[in-house]
Amino acid sequence: MKKPHYAWVICACSALTLFCLGGLSVTAFSVFQPYLVSQSGLTNAQSSTVLTVRNLFSFAALFFVTAFNRRLGLRASIALSVLGEAVGFVLYALADCFALYCAGAAVVGLAYTLGGITATSLLLSRWFHAHRSLALGICSAGTGFSSILLPPLLTPVIQGNSLQAAFMITAAFLV
């Protein structure tokens, strides 16, 4: 029996990374949106602005993602980004005002870009000489998988406990 190449282990770990960084913070975040209004007292405009803040900080991070990854190395930058996203979700859980939700969104937006698809594609290019596109496609599917898996898991937590409990569980999963 032929032993699978270690690059596929890197691919699986990268898919999990994108599940966390892209999936939790962007793709599946819509599960939290209605509860930001109903449980946290944000207006619809404020709830949408939280997403805008996340996207603005994500865009701003594009200008220094290469330098960040080069300076820290890919493993450290990805690990710090996942931990940074956990900090952002803790800020969401502790938020009692709109400004704190925006602060959490800023941290999550930075983490998403600094350790997300750019770092993953650089990492995969080191390990894959053939099938690089396939590996990147598998990793990218991790973000879409989150939108299937997470809403049925998080909605009962939010409805049965609280939005803060769901944010803390998400942060714990990230750690």
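See the structure above.
If you're wondering where the values come from, they're calculated on a predicted model, not measured in any experiment. (Residues numbered from 1 in each chain as written. Predicted model: local features only at pLDDT ≥ 70, side-chain atom pairs only at ≥ 80, totals over all residues. Heavy atoms only, no water.)

Trainee: Honestly, the environment of Leu-122 in this entry has me stumped. Any pointers?
Mentor: You can see Leu-122 is positioned in helix H7 (residues 117–127). Using a relative accessible area of 39% as the deciding quantity, one classes Leu-122 as partly exposed. In sequence terms Leu-122 and Leu-74 are 48 residues apart; their C-alpha atoms lie 7.9 Å from each other. Those residues in contact with Leu-122, other than ones at most four positions away along the chain, are Asn-69 and Leu-74. (Helix = DSSP H or I, 4+ residues; strand = E, 2+ residues; numbered from the N terminus. Buried < 20%, exposed > 50% of the residue type's maximum accessible area, 1.4 Å probe, protein only. Contact = heavy atoms within 4.5 Å.)

Trainee: Looking at this model, I keep getting lost on helix H6 (residues 98–115). Mind explaining?
Mentor: One turn of the α-helix equals 3.6 residues, which is why residues spaced by three or four share an orientation. For H6, built from 18 residues, the straight-helix expectation of 26 Å at 1.5 Å per residue is met to within 8% by its first-to-last C-alpha distance of 26 Å. Of the residues making up H6, those classed as buried are Tyr-101, Cys-102, Gly-104, Ala-105, Ala-106, Val-108, Gly-109, Ala-111, Thr-113, Leu-114 and Gly-115. (Expected span 1.5 Å × (residues − 1).)

Trainee: What exactly am I supposed to notice about helix H8 (residues 132–160) here?
Mentor: The terminal C-alpha atoms of H8 lie 43 Å apart, and with 29 residues this matches the ideal 42 Å at 1.5 Å per residue to within 8%. Maximum bend of H8: about 40°, positioned at Leu-150, with proline Pro-151 one to four residues after it. Within the sequence span of H8, burial applies to Ala-135, Cys-139, Gly-142, Ser-146, Leu-150, Leu-154, Val-157 and Ile-158. Elements that come into contact with the buried residues of H8 comprise helix H1 (7–27), helix H2 (33–38), H7 and helix H9 (163–174). (Bend = angle between axes of the 7 residues up to and from the residue.)

Trainee: Explanation requested: the layout of surface pockets in the structure shown.
Mentor: Empty space among the atoms becomes apparent when a probe as large as a water molecule is rolled across them. Roughly 330 Å³ of volume is contained in the largest pocket. Along its surface, the largest pocket is lined by 16 residues, and Cys-13, Ser-14, Thr-17, Ile-78 and Leu-123 are the ones closest to its centre. When residues of the lining of the largest pocket are traced back to their parent elements, those giving at least two are H1, helix H5 (74–94), H7 and H9. The biggest single contributor to the lining of the largest pocket is H1, with 6 residues. A breakdown of the residues in the lining of the largest pocket according to their chemical character gives 12 nonpolar, 3 polar and 1 charged. (1 Å grid on protein atoms, 1.4 Å probe; cavity = no way out; pocket = protein on both sides within 12 Å on 5 of 7 lines; lining within 4 Å. Points joined across faces, edges and corners; volume = space filled by probe spheres on them. Nonpolar A, V, L, I, M, F, W, Y, C, P; charged D, E, K, R; others polar.)

Trainee: Would you explain the nonpolar core in this entry?
Mentor: Across soluble globular proteins, you tend to see nonpolar side chains buried next to one another. The biggest cluster of nonpolar side chains holds 33 residues, and the ones touching the most others in it are Phe-32, Phe-89, Tyr-92, Tyr-101, Leu-163 and Phe-167. Of all the secondary-structure elements, those providing two or more residues to this core are H1, H2, helix H3 (44–61), H5, H6, H8 and H9. Dropping the residues within four chain positions of it, Tyr-101 is found in contact with Leu-36, Ser-40, Leu-42, Val-50, Tyr-92, Ala-95, Leu-163, Gln-164 and Phe-167. One finds Cys-11, Leu-18, Ala-119 and Leu-124 within the second-largest nonpolar core, a separate group that totals 13 residues. (Core = buried A, V, L, I, M, F, W, Y, C linked by side-chain atoms within 4.5 Å.)

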